[in-house]
Amino acid sequence: MKTRSIEKIVKPGTPHFVGDGFRVHNFIPGSSSMQRMDPFIMLDYNSKYNFPPTDKPKGVGVHPHRGFETVTIAYKGRVEHGDSAGGGGIIGEGDVQWMTAASGVLHKEFHETEWSKTGGEFQMVQLWVNLPAKDKMSSPKYQAITNAEMAKIQLPDGVGEVEVIAGEYKGNKGPASTFSPVNMFNVKLKKGAKTQLTFPAHYTTAILAVEGSVKVNESNNVLENHFALFKNDGDTITLEALEDAVILVLSGEPLNEPIAAHGPFVMNTKQELIEAFQDFNTGKFGYLED
Ligand code: MN
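1. Describing the pairing of strand 5 (residues 59–65)
The element strand 5 is largely enclosed, with a buried count of five among its seven residues. Taken together, the five bridges between strand 5 and strand 10 (residues 105–111) define a ladder with antiparallel strand orientation. Bridge pairing in strand 10 links His65 to Val105.

2. Some words on the packing of aromatic side chains
The tally for this structure, following the rule as stated, stands at 15 aromatic pairs. Residues Phe68 and Trp128 carry aromatic rings whose centres are separated by 4.3 Å and whose planes lie at 25° to one another, so their mutual orientation is stacked. Of this pair, Phe68 sits in strand 6 (residues 68–76) while Trp128 sits in strand 11 (residues 120–130); the two residues are 60 residues apart in sequence, bridging distant segments of the chain. One exposure class covers both Phe68 and Trp128, and it is buried. Here Phe265 and Phe277 contribute two aromatic rings whose centre-to-centre distance is 4.9 Å and whose plane-to-plane angle is 85°, an arrangement assigned as edge-to-face. In this pair, Phe265 is assigned in strand 26 (residues 265–267) and Phe277 in helix 3 (residues 270–281), connecting sequence segments 12 residues apart.

3. What about the coordination of the manganese ion?
Around the manganese ion, the donor atoms from the protein are His63 (NE2), His65 (NE2), His107 (ND1) and Glu109 (OE), and they sit 2.1 to 2.2 Å away. Here the donor residues of the manganese ion share one chain and are spaced in sequence as H-x1-H-x41-H-x1-E. In this pair, His65 is assigned in strand 5 and His107 in strand 10, connecting sequence segments 42 residues apart. Here His65 falls in the buried class, since its relative accessible area comes to 2%. Since its relative accessible area comes to 0%, His107 is described here as buried.

4. What about the sheet that holds strand 24 (residues 245–252)?
Strand pairs in the sheet, formed through backbone hydrogen bonds, run parallel or antiparallel to each other. Judged by pairing direction, the sheet is antiparallel, and its seven strands sit side by side in the order 1-22-19-24-17-14-13 without closing on themselves. With partners counted over all chains shown, the strands left at the sheet margins are strand 1 (6–10) and strand 13 (151–154), one partner each. Taken over all neighbouring pairs, the strand axes of this sheet differ in orientation by 20° on average, direction set aside. Pairing of strand 19 (residues 204–211) with strand 24, which is carried by seven bridges, proceeds in the antiparallel orientation. Each residue of the ladder has a partner; that of Ala209, found in strand 24, is Ile247.

5. Focus: the layout of surface pockets
In this structure, the largest pocket encloses a volume near 340 Å³. Contributing to the lining of the largest pocket are 18 residues, with Val18, Met42, Asp44, Gln126 and Trp128 lying nearest its centre. For the lining of the largest pocket, the secondary structure elements donating two or more residues are strand 2 (16–18), strand 3 (22–28), strand 4 (40–51), strand 5 and strand 11. When residues of the lining of the largest pocket are assigned to their parent elements, the largest contribution, four residues, is made by strand 11. Partitioning the lining of the largest pocket into residue classes produces nine nonpolar, seven polar and two charged. The volume enclosed by the second largest pocket comes to roughly 210 Å³. Elements supplying a minimum of two residues to the lining of the second largest pocket: strand 6, strand 17 (182–189) and strand 19. Of the residues forming the lining of the second largest pocket, the biggest block, four residues, is contributed by strand 6. Its residues placed into classes, the lining of the second largest pocket shows five nonpolar, four polar and five charged.

6. Description of unusual backbone geometry
Of note, the amide linkage connecting Ile28 to Pro29 takes the cis form, showing an omega dihedral of 0°. Tracing the chain through its elements places Pro29 in the loop between strand 3 and helix 1 (34–37). In this structure, the amide linkage connecting Asp38 to the following residue, Pro39, adopts the cis form with an omega of 10°. Residue position: Pro39 is located in the loop between helix 1 and strand 4. The residue Asp157 is not glycine, and still its phi comes out positive at about 65°. For Asp157, the location among the structural elements is in the loop between strand 13 and strand 14 (160–166). Of the residues examined, Asp157 reaches a relative accessible area of 78% and is grouped as exposed.

Scoring rules and cut-offs
Residue numbers here run from 1 along each chain, matching the order of that chain's written sequence. Per-residue local features are limited, in this predicted model, to residues with pLDDT of at least 70; the limit for side-chain atom pairs, both in listing and counting, is 80 or more; totals at the level of whole chains, interfaces and linings are taken over all residues. Hydrogens and waters are ignored; side-chain quantities use all the structure's heavy atoms. Exposure classes here rest on a 1.4 Å probe applied to the protein chains alone. A residue is buried below 20% of its type maximum, exposed above 50%, and partly exposed in between. Here a helix means four or more residues in a row that DSSP labels H or I, a strand means two or more in a row labelled E, and each is numbered from the N terminus. Two strands qualify as a pair provided DSSP detects at least 2 bridges between them. Paired rings are identified among Phe, Tyr and Trp, the last through its six-membered ring, by centres lying within 6.5 Å, and are further divided according to the angle between planes into stacked (under 30 degrees), edge-to-face (over 60) and tilted (the rest). Only nitrogen, oxygen and sulfur atoms count as donors, using a 2.8 Å cut-off from the metal that widens to 3.2 Å for Na, K and Ca. Water is left out, so coordination shells may look unfilled. Working convention: axes come from line fits to C-alpha atoms, limited for helices to the stretch in contact. Angles between N-to-C directions cover 0 to 180 degrees. Here a cavity denotes a set of grid points, spaced 1 Å apart and computed over the protein atoms alone, in which a 1.4 Å probe fits but from which it cannot get out, and a pocket denotes an open set meeting protein on both sides within 12 Å along at least five of seven lines; residues with an atom within 4 Å of a point are reported as lining. Grid points are joined across faces, edges and corners, and a volume is the space filled by probe spheres set on the points. Three categories are distinguished: nonpolar for Ala, Val, Leu, Ile, Met, Phe, Trp, Tyr, Cys and Pro, charged for Asp, Glu, Lys and Arg, and polar for the others, with Gly belonging to the last.

Here it is, written out as structure tokens:
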């Protein structure tokens, strides 16, 4: 085991609104490139934010995606999703929506109607996971992953647990099916608890402190709502909770393929981007009611 050192710690930047329902800090690509973060191509983080009650749910209206997967992790609040491939549903605290846009969908995402009426604290991550070239034009798919379905591994002495959304922790597999090796965990630690995580050194690995602050590798503090990217110089990271903490851990094998990205389309070549726009403009992404 060799320590994987920190490449950079990123503080949450000025937030921007996606539609009127998601007030996010962008961490991926952020100050990195999509190539550096491969296979993770986008991460928007809605840190805790209070939405007032409303009868008109806030969110993002119909928009397209092609060539990747959108993963929404709900920490607080409830959201409702629909897509033109028939996928959709409501996710709430602790749940995950894993949508494979692949060949193309129209998508809409709003605060859930009932939740909107009371409003309250809202906290979510939306992550885009790139698809291998051979899968970019496969059929769209939707995975609703409830918190109860996730593998939960208790750490020794009751100091916390590792919740596995995707990938594998100590032989325990998460429920999400992925097209390339991706580990996605919520590591929940009580104040003072310490744990180690090991991933292959060549995997792109990062953490987001969703709740509380942690000391990483006995040396650097990653504060609440901050993001840290690791170098590829080792396989093991050590997390020690400075207070009760929830840490989103991402580690994925790079696809090492060319990336051509524009807005909601992420392909391998410019020509494929042009085709994506043409197919979208000629209605080949299907239909989704506003
Ligand atoms: Mn979307």
